[in-house]
Amino acid sequence: MAYGAQDCLLVIDVQNDFMPGGALAVPRGDEVVPIINRLAPAFEHVVLTQDWHPAGHVSFATSHVGTAPFQTMMLPYGEQVLWPDHCVQGTPGAALHADLRIPHARMVIRKGHHANVDSYSAFMEADRATKTGLAGYLREQGVRRVVCVGLATDYCVAWTALDARAAGFEAVVVEDACRAIDLNGSLDRAWRELAAAGVRRTTADALRSGAGTHNPWLPES
Ligand code: VGL
Ligand code: ZN
């Protein structure tokens, strides 16, 4: 078995605001949708995430006087990139892309809902102390390996994969099923950190061709 009950596909933040024309557009972010749709049926266990901020969230530049989007600011928990307002709870921009077809997804986990703390990672908020509950859920389900796809490679996907490793899971990032924001070298930095943490990097083709057989990208766990 290459992947099965011990594996979970994590589909990260495939939301309207991260699409071209959206509030925090990720270049070519829409291209991941058909790739993820083709990959998802190979996984019996899929979890979706949604970035899910209250209006006035601390990560929004509009919440701080004299700031502009994409600059950084020191907050009590560390340095924070300030973003355009995005993924506000219940708005159309926070909805999942309408073409995402993963009816068998079991859980949607929403993150970034605390007004004063951001959460790129699906496991742990930016204060590096508050857990989302995802690690406990996955452990109770017998999951040992997460396969990460979605947006954005260098923020929510990378932080999620790194925290998956920190929580004791195997982690894989499917490079062509992700797109990056790439702010001041963030994408190169993310790939270096992922490699150093033992996160595997693969492609959707390599994953698909390995389904149900031995897959050199995904050694038996
Ligand atoms: C994300 C920036 C702010 C992401 C979320 O999904 O990568 N990036 N909020
Ligand atoms: Zn956000």
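Residues numbered from 1 in each chain as written. Chains lettered and ligands numbered in written order. Predicted model: local features only at pLDDT ≥ 70, side-chain atom pairs only at ≥ 80, totals over all residues. Heavy atoms only, no water.

A short note on the side chain of histidine 64
As for its position among the elements, histidine 64 is in the loop between β2 (46-51) and β3 (72-75). Polar contacts involving the side chain of histidine 64 include one to the main-chain carbonyl oxygen of valine 58, which spans 2.7 Å. (Helix = DSSP H or I, 4+ residues; strand = E, 2+ residues; numbered from the N terminus. Polar contact = N/O pair within 3.5 Å; in protein donor to acceptor, adjacent residues only side chain to side chain.)

Quick word on the coordination of the zinc ion (ligand 2)
All of the protein donors around the zinc ion (ligand 2) are Asp51 (OD), His53 (NE2) and His86 (NE2); their distances to the metal are 2.0 to 2.2 Å. Coordination of the zinc ion (ligand 2) draws on donor residues from a single chain, spaced D-x1-H-x32-H in sequence. Linking aspartate 51 in strand β2 with histidine 86 in the loop between β4 (78-81) and β5 (107-111), this pair joins segments that are 35 residues apart in sequence. Summarising the burial analysis for this pair, aspartate 51 and histidine 86 share the class buried. (Donors = N, O, S within 2.8 Å, 3.2 Å for Na, K, Ca; no water. Buried < 20%, exposed > 50% of the residue type's maximum accessible area, 1.4 Å probe, protein only.)

Here we look at the nonpolar core
Counting residues in hydrophobic clusters, the biggest one holds 63 residues, and the most contacted among them are Leu10, Val11, Ile36, Phe123, Leu138 and Val173. For valine 173, the residues in contact, after removing those within four places along its chain, are Cys148, Val157, Ala161, Cys178, Trp191, Leu194, Val199, Arg200, Arg201 and Thr202. (Core = buried A, V, L, I, M, F, W, Y, C linked by side-chain atoms within 4.5 Å. Contact = heavy atoms within 4.5 Å.)

Focus: the site of ligand 1
Lining the immediate surroundings of ligand 1 are Asp13, Phe18, Leu24, Asp51, Trp83, His86, Tyr120, Leu151, Ala152, Tyr155, Cys156 and Ile181. The contact in question runs from a nitrogen atom of ligand 1 to an N or O atom on the side chain of histidine 86, over 3.1 Å. Within the backbone of cysteine 156, one N or O atom sits 3.0 Å away from an oxygen atom of ligand 1. About the coverage of ligand 1: the protein hides 100% of its 260 Å² of free accessible area. (Near = heavy atom within 4 Å. Areas by Shrake-Rupley, 256 points an atom, 1.4 Å probe, with all protein chains shown as cover.)

With respect to the UniProt feature "domain: Isochorismatase-like" (unreviewed entry) in the protein
The UniProt record marks residues 8-204 with the feature "domain: Isochorismatase-like" (unreviewed entry), using the residue numbering of this structure. Helix makes up 21% of residues 8-204 and strand makes up 22%, while its end C-alpha atoms are separated by 15 Å. (UniProt positions renumbered as here; feature names shortened; annotations may be inferred.)

As for the pairing of strand β7 (residues 170-179)
For β7, a buried count of seven out of ten residues is recorded, marking the element as mostly surrounded by other parts of the structure. Judged from the six bridges that link them, strand β6 (residues 145-151) and β7 form a sheet pairing that is parallel. Considered in β7, the bridge of glycine 150 is made with cysteine 178. Handedness of the β6-helix α3 (residues 153-166)-β7 crossover: right-handed. The sheet contact formed by β7 and strand β8 (residues 200-202) spans three bridges and is parallel. In the sheet register, valine 174 faces β8, and the bridge partner there is threonine 202. In this fold, β7 hands off to helix α4 (residues 186-196), which returns the chain to β8; that crossover is right-handed. (Pairing = 2+ DSSP bridges. Right-handed = clockwise from strand over helix to strand, strands pointing away.)

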